[in-house]
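Descriptive analysis of the structure
Letter by letter, the chains look like this.
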Amino acid sequence: MLRKLVLALPLFFGLQATVHAHSDASMFGAPSAGGEHHDHPVEAAVRYPATLTFDPRQLTNVVIKINARITKLNNLFVGKRVARNEILGEMESAELETIQSTYLGLYSNMEAVRGISITGNEKLIDARMGLQWRGMSEDDIKLLENRREPLKDIRIKSPAAGFIYGLNVVNNQILNTGGQVGQYTATGTTILTIARPSAIQVEASLPIREASKLKPGQRATVYLADIRRGQVEVPAVVQQVFAFANPVNQRQRVRLKLTAQPPSGMALPTGLQTSVSLGEPDHAH
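Let me sum up the structure you'll find in this document. Computed from a prediction, not measured in an experiment: that's the story for all the values here. Every chain begins its residue count from 1, and numbering advances along the sequence as written. Only residues with pLDDT of at least 70 get local features here, since the model is predicted, and only at 80 or more are side-chain atom pairs given and counted; chain-wide, interface and lining totals rely on the full set of residues. As a rule here, side-chain values cover all heavy atoms of the structure and leave hydrogens and water aside.

1. Thoughts on the overall build of the chain
- Assigned secondary structure in the chain consists of six helices and 16 strands.
- A buried classification covers 35% of the 285 residues belonging to the chain.
- By definition, residues are in contact when any of their heavy atoms lie within 4.5 Å. The long-range share in the chain, meaning contacts at least 24 apart out of those at least 6 apart in sequence, stands at 74%.
- As presented, the chain carries roughly 17,500 Å² of accessible surface, and 56% of it is formed by carbon and sulfur atoms. Runs of E in the DSSP output that reach at least two residues are strands. Runs of H or I that reach at least four are helices, and both are numbered from the N terminus. Partly exposed residues are those whose accessible area sits between 20% and 50% of the maximum for their type, while under 20% is buried and over 50% is exposed, using a 1.4 Å probe and protein chains only. Shrake-Rupley sampling with a 1.4 Å probe provides the accessible areas, and residues are treated as covered by the protein chains on show and by no other component.

Following this line, the structure appears as structure tokens:
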């Protein structure tokens, strides 16, 4: 037994010498033998919790105000970018066809109407406004006047440029708009909502000490989670630092706005949890 112990001791000390020979003292902050050690790990930016919100003033609803059926949707999905006056789909409505026929009767006999009524022009203008209010564009009305017959398929156009924030209908869905009082007042059915590019806002919760250093215009980065792309980094700037702090967690609310658009097709619901990191102050602002 003593002989085995004597033989094992040189092996143990030899192993210890090997470990110390290959250990890196720089891991503990000491300089290497060759001079200063520059191979330090890059420190990750500190992130703070944030929530995605939307400015309701920058949201536009597409509302159908007549009983109709959606006959076609042009590959619509939440997050899709659309241009102003882009055709989103088509609908058909027996109610609207009847109103078109009434308009055509007035339009085709306008000369006779003017001969018996001094308000003929006003009646025609009022009839055109009725068609527009019910979803027909100026181009549709011109096509109606040229064809001299009611249009069966009415194109649904985007009233603004942006991305689809909410989609509430599917193909062949029947729309019941509810009751109507007067000529232009009805409940209507919102089939989709478009968010303008400036609608996206991000509200972050920061420690009071960090929030007190921020200035409007300071650069930041918002990290959005996407199923297909993983984590998406979007540049942003500080828009507003709220004056009051939460006495419970000693945090202050900061609002940021994006300076670039997220990739097309990303679902960005209100309340989406995300995070932000802050850059150095932008002295240009």
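Still to come is the rest of the account.
2. Quick word on the environment of Thr-187
- Residue placement: Thr-187 occurs in the loop between strand 10 (185–186) and strand 11 (189–195).
- Accessibility expressed as a relative area gives 62% for Thr-187, which makes it exposed.
- Each C-alpha atom of the pair Thr-187 and Asn-176 lies 9.5 Å from the other, and the pair is eleven residues apart in sequence.

3. Side note on the packing of aromatic side chains
- Two aromatic rings, drawn from Phe, Tyr or Trp (for Trp, its six-membered ring), form a pair once their centres lie within 6.5 Å of each other, and the interplanar angle then sorts them: stacked below 30 degrees, edge-to-face above 60, tilted otherwise. Throughout the structure, instances matching the rule amount to three aromatic pairs.
- Considering the side-chain rings of Tyr-103 and Tyr-107, the 6.0 Å spacing of their centres and the 20° angle between planes classify their relative orientation as stacked. Placement of the pair is Tyr-103 and Tyr-107 together in helix 2 (residues 94–108), with a separation of four residues, close to one helical turn.
- The exposure class assigned to Tyr-103 is buried, which follows from its relative accessible area of 2%.
- Note on Tyr-107: relative accessible area 26%, which makes it partly exposed.
- Put simply, the rings of Phe-54, Phe-163 and Tyr-165 touch in pairs and so form one group of aromatic residues.
- In this scheme, the term charge over a ring applies when either NZ of a lysine or CZ of an arginine sits within 6 Å of the ring centre and within 35 degrees of the ring normal. Over the face of the ring belonging to Tyr-223 we find Arg-47, whose NZ or CZ atom lies 3.7 Å from the ring centre.
- A cation over an aromatic ring shows up here: Arg-253 above the ring of Phe-242, its NZ or CZ 3.7 Å from the ring centre.

4. Regarding unusual backbone geometry
- Backbone geometry places Asn-75, a non-glycine residue, at a positive phi of 55°.
- The backbone of Arg-148 shows a phi angle near 60°, a positive value even though the residue is not glycine.
- By the element assignment, Arg-148 lies in the loop between helix 5 (138–147) and strand 6 (154–157).

5. A few points about the side chain of Asp-226
- Summarising the element assignment, Asp-226 is placed in strand 13 (residues 219–226).
- For this analysis, a polar contact is any N or O atom pair within 3.5 Å, provided that within protein one partner can donate a hydrogen and the other can accept it, and provided that sequence-adjacent residues contribute only side-chain to side-chain pairs. In terms of polar contacts, Asp-226 uses its side chain to reach the backbone amide nitrogen of Arg-228, at 3.2 Å.
- Excluding residues that lie within four positions of it along the chain, Asp-226 makes contacts with Val-232 and Met-266.

6. Looking at the sheet that holds strand 6
- Paired strands, as defined in this entry, are two strands with at least two bridges between them according to DSSP. Ordered by their spatial adjacency, four strands build an open sheet running 6-5-3-8, and the pairing between neighbours is antiparallel. Every other strand in the sheet has two partners, leaving strand 6 and strand 8 (174–175) as the edge strands with one partner each.
- With four bridges joining them, strand 3 (residues 68–73) and strand 5 (residues 87–92) adopt antiparallel strand pairing. Bridge pairing in strand 5 links Ile-70 to Met-91.

7. As for the side chain of Arg-255
- Mapped onto the fold, Arg-255 is located in strand 15 (residues 251–258).
- The exposure class assigned to Arg-255 is buried, which follows from its relative accessible area of 19%.
- Leave out the neighbours within four places in its chain, and Arg-255 touches Gln-201, Val-202, Glu-203, Val-238, Gln-239, Gln-240 and Phe-242.

8. Regarding the nonpolar core
- Put simply, a nonpolar core is a bunch of buried Ala, Val, Leu, Ile, Met, Phe, Trp, Tyr and Cys residues held in one set by side-chain atoms that sit within 4.5 Å of each other. Core analysis: the biggest nonpolar cluster contains 31 residues, and Ile-64, Met-91, Met-136 and Ile-191 have the highest contact counts within it.
- Within the second largest apolar cluster, 26 residues are counted, among which are Ala-204, Ala-236, Met-266 and Val-276.

9. Here we look at the pattern of salt bridges
- When a carboxyl oxygen of Asp or Glu lies within 4 Å of a side-chain nitrogen of Lys or Arg, that pair is called a salt bridge. Per the stated rule, a full pass over the model turns up ten salt bridges.
- Here Arg-128 ties to Glu-145 by a salt bridge, and the two come within 2.5 Å at their closest N and O atoms. Placement of Arg-128 in helix 4 (residues 120–133) and of Glu-145 in helix 5 is noted, with a sequence separation of 17 residues between them. Here the two residues Arg-128 and Glu-145 agree in accessibility, since each one is buried.
- In this structure, the salt-bridge partner of Arg-155 is Asp-140, at a minimum N-O distance of 3.0 Å. Placement of Arg-155 in strand 6 and of Asp-140 in helix 5 is noted, with a sequence separation of 15 residues between them.

10. Thoughts on helix 5
- Of the residues making up helix 5, those classed as buried are Asp-140, Ile-141, Leu-144 and Glu-145. Angularly, the buried residues of helix 5 cover 140° about the axis, an arc narrow enough to put them on a single face.
- Contact partners of the buried residues in helix 5: helix 2, helix 4 and strand 6.
- Trailing helix 5 by a residue or two, Arg-148 shows a phi angle of about 60°, which is positive. Here the arc refers to the directions that run from the helix axis out to each C-beta atom.

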